[in-house]
Protein chains: 2
Amino acid sequence: MEETDRAIVAALTVDGRLSYTDLAERVGLSVSAVHQRVRRLEQRGVIKGYAAQVSFEALDLPLTAFVAIRPFDPSQPDDAPERLAHLPEIDSCYSVAGEDFYLLLVRVAGPADLERLLQEIRTAANVTTRTTVVLSTPYEKRSPRI
Amino acid sequence: MEETDRAIVAALTVDGRLSYTDLAERVGLSVSAVHQRVRRLEQRGVIKGYAAQVSFEALDLPLTAFVAIRPFDPSQPDDAPERLAHLPEIDSCYSVAGEDFYLLLVRVAGPADLERLLQEIRTAANVTTRTTVVLSTPYEKRSPRI
DNA sequence: GCTGAAAAGAAAGGCAA
DNA sequence: TTGCCTTTCTTTTCAGC
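Notes on the structure follow. (Residues numbered from 1 in each chain as written. Chains lettered and ligands numbered in written order. Predicted model: local features only at pLDDT ≥ 70, side-chain atom pairs only at ≥ 80, totals over all residues. Heavy atoms only, no water.)

## Comments concerning helix 2 (residues 20-27) of chain B
All names here are of chain B.
Phase 1: L23, A24 and V27 are the residues of helix 2 that are buried. The arc that holds every buried residue of helix 2, seen down its axis, measures 100 degrees, which confines them to one face. Relative to its buried face, helix 2 has exposed residues pointing more than 90 degrees away, namely E25 and R26.
Phase 2: Elements that come into contact with the buried residues of helix 2 comprise helix 1 (3-14) and helix 3 (31-43).
Phase 3: Just beyond helix 2, the residue with positive phi is G28, at close to 70 degrees. (Buried < 20%, exposed > 50% of the residue type's maximum accessible area, 1.4 Å probe, protein only. Helix = DSSP H or I, 4+ residues; strand = E, 2+ residues; numbered from the N terminus. Arc of directions from axis to C-beta. Contact = heavy atoms within 4.5 Å.)

## Overview of the protein's contact with DNA strand D
Phase 1: Neighbouring residues of DNA strand D: L29, S30, S32, A33, Q36, R37 and R40 of chain A together with S19, Y20, T21, V31 and H35 of chain B.
Phase 2: Here the atoms of DNA strand D within 4 Å of the protein split so that 78% fall in sugar or phosphate, with bases taking the remainder.
Phase 3: In the environment of DNA strand D, a phosphate oxygen lies 2.6 Å from a nitrogen or oxygen atom belonging to the backbone of Y20 of chain B.
Phase 4: T21 of chain B is positioned with one of its side-chain polar atoms (N or O) 3.4 Å from a phosphate oxygen of DNA strand D.
Phase 5: Mapped by element, the contributors of at least two residues to the surface near DNA strand D are helix 3 (31-43) of chain A together with helix 2 and helix 3 of chain B.
Phase 6: Looking at the surface near DNA strand D element by element, the count peaks at five residues for helix 3 of chain A.
Phase 7: Along the lines of polarity and charge, the residues of the surface near DNA strand D split into four nonpolar, six polar and two charged. (Near = heavy atom within 4 Å. Polar contact = N/O pair within 3.5 Å; in protein donor to acceptor, adjacent residues only side chain to side chain. Nonpolar A, V, L, I, M, F, W, Y, C, P; charged D, E, K, R; others polar.)

## Thoughts on the interface of chain A and chain B
Phase 1: Contacts between chain A and chain B engage 58 residues on the former and 57 residues on the latter.
Phase 2: Taking both sides of the interface into account, the surface hidden between chain A and chain B amounts to around 5,200 Å²; carbon and sulfur atoms contribute 57%.
Phase 3: Connecting chain A to chain B are 43 residue pairs in polar contact (both at pLDDT 80 or more).
Phase 4: Looking at the side of chain A that touches chain B, the elements with two or more residues in it are helix 1 (3-14), strand 1 (47-54), helix 4 (80-84), strand 3 (90-96), strand 4 (102-108) and strand 5 (127-139) of chain A.
Phase 5: Here the residues of the side of chain A that touches chain B are counted per class, giving 37 nonpolar, eleven polar and ten charged. (Buried area = accessible area lost by both parts, 1.4 Å probe.)

Following this line, the structure appears as structure tokens:
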């Protein structure tokens, strides 16, 4: 990717609501040129979308945890991600190398909700779980070097 | 949090660039009322900001990994997050319960970069690392139930 | 809290150079 | 790619309920 596009993407990962006028100033192009570039970045899928960043504490989801799962019966078809997709507490699902099959990032209101969620995960996907509770988050979702 | 605010936040986590006009329609309020509520949600820190969602593949960072770290010498002061904050490959840093001290989420271009990053992490924070490579990401950063 | 209106600003598109 | 122009939409503020 080219220099100017990188600058545009970098600016938008920090502030996704920057106006094209401000963007144009920062990257030293005209508004129409910047507008055109952003549209192309969106079409190419470099920019997948825009989202508000929320405080999970404010949303009453102060407990974050990682849940490593592996199938109870490894000979069964492995469709855990689909079987778990309906659970809104699951923020992310990663298929991983190593001893576990998947690593889930979950957000809940507290220990009781975590317990209930783990039971739902186990029965919905027929897996065993190993859970790591997050105590604090020094930083999260930082803008990548672009 | 109240019903209407939840609807507003939910809509903005899906599309952070929704206009106040569209938002107002969805939640059944006037544009100014919605505007006022969004401003308050931002001030209260419920909405922390807005960010473009980028494709890490398109940014030439196709390799994601989790790096669990623990201090080489547990009697030393534990300031790993600050010591590692300058590394742009680190997307997130979680302080965790369990055998490890921190769990890092990192994004790199490939195995060679991962190797170099791990060496930097070890020397910068005086820690040992245990790395889990992500093979695929069925889903990530889903909107929470609000 | 809310509404509605007015003014300012931005988006989106076309077009000539 | 720039610069300009036009139309439409959005943001922002403000008086008043």
